[in-house]
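Single-letter residue listing:
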Amino acid sequence: MTTLQTVFEKARADRRAALIGYLPAGFPTKEGAVAAATAMVEAGCDVIEIGLPYSDPLMDGPTIQDAVHRALTNGTRIADVMRTVEGVARSGAAVLVMTYWNPIDRYGAERFARELADAGGAGTITPDLTPEEAGPWCEHSAAAGIDTVFLAAPSSTEDRIKAVVDRCTGFVYAASLMGVTGARKSVSSAAEGLVGRIRPHTGLPVCVGLGVGTGVQAAEVAGYADGVIVGSAFIRRILDAPDEASGLAAVRTLAAELATGVRA
Amino acid sequence: MLTAADLAGGGVGGDDPDIRGRFGAFGGRFVPEALIPALDEVAKTYAEAKIDPAFLREFDHLLRTYAGRPTTLTDVPRFAESAGGARILLKREDLTHTGAHKINNVLGQALLTKRLGKKRVIAETGAGQHGVATATACALMGLECVIYMGEVDCERQALNVARMKLLGATVVPVANGSRTLKDAINEAFRDWVTNVDTTHYLFGTVAGPHPFPEMVRDFARIIGVEARRQVVELTGRLPDAVAAAVGGGSNAIGVFHAFIGDPGVALHGYEAGGHGVESGEHALTLTEGSVGVLHGSRTYVLQDDEGQTIESHSISAGLDYPGVGPEHAWLKDSGRATYHGVTDAEAMESFSLLARTEGIIPAIESAHALAGALKLGRELGPEATILVNLSGRGDKDMGTAMKYFNL
């Protein structure tokens, strides 16, 4: 298993930011997700977030909602998520699962952490698990040897940032804007300020996500953050492609463009 | 005059949530971090408002002069003949302005919106009653109003869509997921996280992240406070049981709460049984669901073995919700309240029975409580008095009734 620590040490040695790509398990198909994520790694992604499809994705915009809906229609279950993690981990990237809290809660937190570690997963990102509620999950994750990433937002006060950062291992996820997931024309100016407010509270890498979708934006974010997170832009490429092969090619092209961006 | 004790319970006894917003093991906050400051701001502003005499005075004034409170209590002996002779008393929330109990919460939160200094209000609606009430309060107070409503609900409650538009609100049909209340809530949360600086999310029920379950309950609490006094005045004693329909649970907690400290008063909640438990098409969240997290709160949820929400079904849009307020989850587990299912067919039978025997057309939501009271009366016997929260009127349901009864 490749750990987040290894990824960020390597990126730092290369004097660049890490590139983190997101794709839901089961999208466009169960096998297609592994193929697409592997292509993303081959073209330059250091970390892959595998989304766990959930029926009520209330912080996701239309692109991810659409992809997740297809994944659920494909019958994607947690066992498929674990198989996807396993498949993508073979590519050598660090693999995280990004999920709303309820599926883990229902599955059993201890069991989920253990199975994810067994599948070669490096950790989780849980956007609706607040620091107040995260205690037991952090303990189970630590026991299984996987990282726990949480989000700070532009609206977060200093106290909230501190509470979030204290729960994080691996890296801290800075949400660049107030809003749902989805590519934007420009990266919110709030992102750099937020990264600056997070730094004094932690030595962990700080990565920026929400609204990043082009090489130029990736280069801009790489100027002040340790990692650049891209999700909806990859999904959009697959949704817009006439068939799976051209979707795969488009994903590869975007990953390469972003990889050049984080090295600029 | 409404007192701080009327609003917030005045220490009815250990039933306020803890600092994390927990009712026992239920409640809390499971939302994106971005929303936490807004929830903190609502909680702080509400905590100040609920003990501020000026706020209480303004809320009281609106309830009396605009909403039409206090609502009356109606004895329904002809209807009660079908309940084994037990005495049934209806708390007439159907007689409030806009025709349902929802106006109480909406007026409270609209006042709070002004106190928050916000100019824009968003809300979700299922049956359309909360949307209409919200649009009404926004028209009254000059606030911009956007209502999210599932496409399916827009169709079955077309009249309420027209009412909201007439009141100046923008109605956004939601085409995601099951295209009903739960998806409207998802979409409203998405709007809120994007526009939180200018916008208050006027949540319509006692679910959602803290402080909504506590605050919405407090604004609905007047129902039980009045009813408790009225029943004692009329009968010389407390009722033996209180019956209410439970979707998200706001009308039920509103009528239950003033009685929680009265151990002799049984509390009964009636969920939508839809086509029956066996059919799998129901909204029996408390009676058939399991503990999970939905819409920001730990509570009972209709979900599969991996935590995916199962779509609910009910003939009544207002009860068609796969979650429920966390305080109900707590009341269920503590045994203080009991929850049951009432099928579409049972509810529709009570709907028509009340119309024919008493000249009152109830909301189909409320008809679930009526059907429950009929069963309860037969169990408790002719000496029993049952208070039923008639949470709304049935005008909005005439389309459904025409189809169901071939009228």
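Residues numbered from 1 in each chain as written. Chains lettered and ligands numbered in written order. Predicted model: local features only at pLDDT ≥ 70, side-chain atom pairs only at ≥ 80, totals over all residues.

1. Overview of the overall build of chain B
- Along chain B, the regular secondary structure elements total 17 helices and 14 strands.
- Over its C-alpha atoms chain B spans a radius of gyration of 19 Å, differing by no more than 12% from the 22 Å that the globule rule assigns to 407 residues.
- On the principal axes, the C-alpha backbone points of chain B span a range of 55 × 45 × 40 Å.
- Residues classed as buried in chain B amount to 63% of the 407 residues present.
- At a minimum sequence separation of 6, the contacts of chain B that also span at least 24 residues come to 75%. (Helix = DSSP H or I, 4+ residues; strand = E, 2+ residues; numbered from the N terminus. Rg over C-alpha atoms; globule rule 2.2 N^0.38 Å. Buried ≥ 20, exposed ≤ 12 C-beta atoms within 10 Å, placed from the backbone. Contact = placed C-beta atoms within 7 Å.)

2. Remarks on the overall build of chain A
- A tally of regular secondary structure across chain A gives 12 helices and nine strands.
- Its C-alpha atoms give chain A principal-axis dimensions of about 45 × 40 × 35 Å.
- In chain A, buried positions account for 62% of the 264 residues.
- Contacts in chain A between residues far apart in sequence, at least 24 positions, make up 73% of those at least 6 positions apart.

3. Let's talk about unusual backbone geometry
- Note that the residue after Phe27 of chain A, namely Pro28 of chain A, is joined by a cis bond; omega there is 0°.
- Considering the arrangement of structural elements, one finds Pro28 of chain A in the loop between strand 1 (18–24) and helix 2 (30–42).
- With an omega of 15°, the peptide bond between His210 of chain B and Pro211 of chain B qualifies as cis.
- Examined against the element boundaries, Pro211 of chain B turns out to sit in the loop between strand 8 (199–201) and helix 10 (212–220).

4. Observations concerning the interface of chain B and chain A
- With 27 residues of chain B in contact, the opposing surface of chain A contributes 32 residues.
- Counting only elements with at least two residues in the side of chain B that touches chain A, the list comes to helix 2 (36–49), helix 9 (181–195) and strand 11 (290–294) of chain B.
- With six residues, helix 9 of chain B is the largest single contributor of residues to the side of chain B that touches chain A.
- Counted by class, the side of chain B that touches chain A contains 11 nonpolar, 10 polar and six charged residues. (Nonpolar A, V, L, I, M, F, W, Y, C, P; charged D, E, K, R; others polar.)

5. A short note on the sheet that holds strand 4 (residues 123–125) of chain A
- Pairing within the open sheet is parallel, and its nine strands lie in the order 5-4-3-2-1-9-8-7-6 (chain A). Of all the strands in the sheet, just strand 5 (147–149) and strand 6 (151–152) of chain A have a single pairing partner and so form its edges. (Pairing = 2+ DSSP bridges.)

6. Thoughts on the confidence of the model for chain B
Residues and elements named next belong to chain B.
- Chain-level statistics for chain B give a pLDDT mean of 95 and a share of 98% at 70 or above.
- Ignoring residues within four places in sequence, the model shows residues 10–14, a span with pLDDT below 50, making five contacts including any to other chains.
- Predicted as a complex, the structure gets a pTM of 0.96 and an ipTM equal to 0.96. (pLDDT = per-residue confidence, 0-100.)

7. With respect to the environment of Gly227 of chain A
Residues and elements named next belong to chain A.
- Mapped onto the elements of the fold, Gly227 is located in strand 9 (residues 227–230).
- Considered as a pair, Gly227 and Gly203 are 24 residues apart in the sequence and their alpha carbons are 14 Å apart.
- Excluding its chain neighbours within four sequence positions, the residues that come into contact with Gly227 are Ala17, Ala18, Ile20, Phe171, Pro205 and Cys207.

8. Focus on the sheet that holds strand 14 (residues 385–390) of chain B
Residue and element names in this part refer to chain B.
- Reading across the sheet, the six strands line up as 3-4-14-9-10-13 and stay open at both edges, with mixed pairing between neighbours. Looking along the sheet, the strands with just one partner apiece sit at the ends: strand 3 (73–75) and strand 13 (337–343). Averaged over all adjacent pairs, the angle separating strand axes in this sheet is 30°, with direction ignored.
- In the sheet, strand 10 (residues 266–274) pairs with strand 13 via seven bridges, with the strands oriented parallel. Each residue of the ladder has a partner; that of Glu271, found in strand 13, is Gly341.
- Running at roughly 145° to strand 9 (residues 241–246), helix 16 (residues 364–380) makes contact with strand 4 (87–92), strand 9, strand 10, strand 13 and strand 14 of the sheet. (Axes fitted to C-alpha atoms, helices over the stretch in contact; angles between N-to-C directions.)

9. Looking at the packing of helix 3 (residues 62–73) of chain A against helix 11 (residues 232–240) of chain A
All names here are of chain A.
- Where helix 3 meets helix 11, the closest approach of the two axes is 9 Å, and the angle between their N-to-C directions is 60°. For the element pair helix 3 / helix 11, the angle class is oblique. Like other packed secondary-structure pairs, helix 3 and helix 11 cross with a definite hand, here left-handed. Counted together, Thr63, Ile64, Asp66 and Ala67 of helix 3 and Ser232, Ile235, Arg236 and Leu239 of helix 11 form the full contact between these two elements.
- In the contact of helix 3 with helix 11, the residues fall into four nonpolar, two polar and two charged. (Parallel < 35°, antiparallel > 145°, perpendicular 65-115°, else oblique. Left-handed = near helix turned anticlockwise from the far one by under 90°.)

10. Digging into helix 11 (residues 222–235) of chain B
Residues and elements named next belong to chain B.
- The terminal C-alpha atoms of helix 11, which comprises 14 residues, lie 20 Å apart, in line with the 20 Å expected from a rise of 1.5 Å per residue.
- Taken residue by residue, helix 11 has Ile222, Ile223, Gly224, Val225, Glu226, Ala227, Arg228 and Val231 as its buried positions.
- Of the residues one or two after helix 11, Gly236 is the one with positive phi, at around 80°. (Expected span 1.5 Å × (residues − 1).)

11. Quick word on the nonpolar core
- If you look at the biggest cluster of nonpolar residues, it comprises 233 residues, and the most contacted ones within it are Ile48, Ala174 and Val228 of chain A together with Ile88 of chain B.
- The biggest single contributor to this core is helix 16 of chain B, with eight residues.
- With residues up to four places along the chain from it excluded, the contact list for Ile48 of chain A reads Gly21, Leu23, Ala37, Met40, Val41, Val88, Ala93 and Val95 of chain A. (Core = buried A, V, L, I, M, F, W, Y, C linked by C-beta atoms within 7 Å.)

12. Notes on the environment of Val97 of chain A
Residue and element names in this part refer to chain A.
- Positionally, Val97 belongs in strand 3 (residues 94–98).
- On the neighbour-count criterion, Val97 (27 C-beta atoms within 10 Å) is buried.
- For Val97, the residues in contact, after removing those within four places along its chain, are Ile50, Leu52, Val81, Val85, Leu116, Gly121 and Thr124.

13. Side note on the packing of helix 2 of chain B against helix 5 (residues 102–116) of chain B
Residue and element names in this part refer to chain B.
- Direction vectors running N to C along helix 2 and helix 5 enclose 110°, while the axes themselves pass 10 Å from each other. As judged from the angle between their axes, helix 2 and helix 5 are roughly perpendicular. Contacts between helix 2 and helix 5 pair Glu41, Thr45, Tyr46 and Ala49 from the former with Leu112, Arg115 and Leu116 from the latter.
- Residue composition of the contact of helix 2 with helix 5, by class: four nonpolar, one polar and two charged.

14. Thoughts on the pairing of strand 9 of chain A
All names here are of chain A.
- Residues Gly227 and Ile229 line one face of strand 9 and the alternating positions Val228 and Val230 line the opposite face, and both faces are buried.
- Here four bridges tie strand 1 to strand 9, and the two strands are oriented parallel to one another. When the sheet's bridge partners are listed, Gly21 is paired in strand 9 with Val230.
- Where strand 8 (residues 206–209) lies against strand 9, two bridges are found, and the strand directions are parallel. Note that in strand 9 the partner of Cys207 across the bridge is Gly227.
- As for the winding sense of the linkage, the β-α-β connection from strand 8 through helix 10 (residues 215–222) to strand 9 is right-handed. (Right-handed = clockwise from strand over helix to strand, strands pointing away.)

15. Here's the deal with the environment of Asp18 of chain B
- Topologically, Asp18 of chain B is positioned in the loop between helix 1 (4–8) and strand 1 (22–23).
- The spacing of Asp18 of chain B and Ile36 of chain B is 18 residues in sequence and 16 Å in space, taken between C-alpha atoms.

16. Digging into the pairing of strand 6 (residues 144–150) of chain B
Residues and elements named next belong to chain B.
- Here strand 6 lies mainly inside the structure; six of its seven residues are buried.
- As defined by bridge partners, strand 5 (residues 120–125) adjoins strand 6 across six bridges and the pair is classed as parallel. Opposite Val121, over in strand 6, you have Cys145 as the bridge partner.
- The parallel pair strand 5 and strand 6 is bridged by helix 6 (residues 129–141), and the resulting crossover is right-handed.
- Examined bridge by bridge, strand 6 and strand 7 (residues 170–174) share five bridges and lie parallel to one another. Bridged to Val146 within strand 7 is Thr170.

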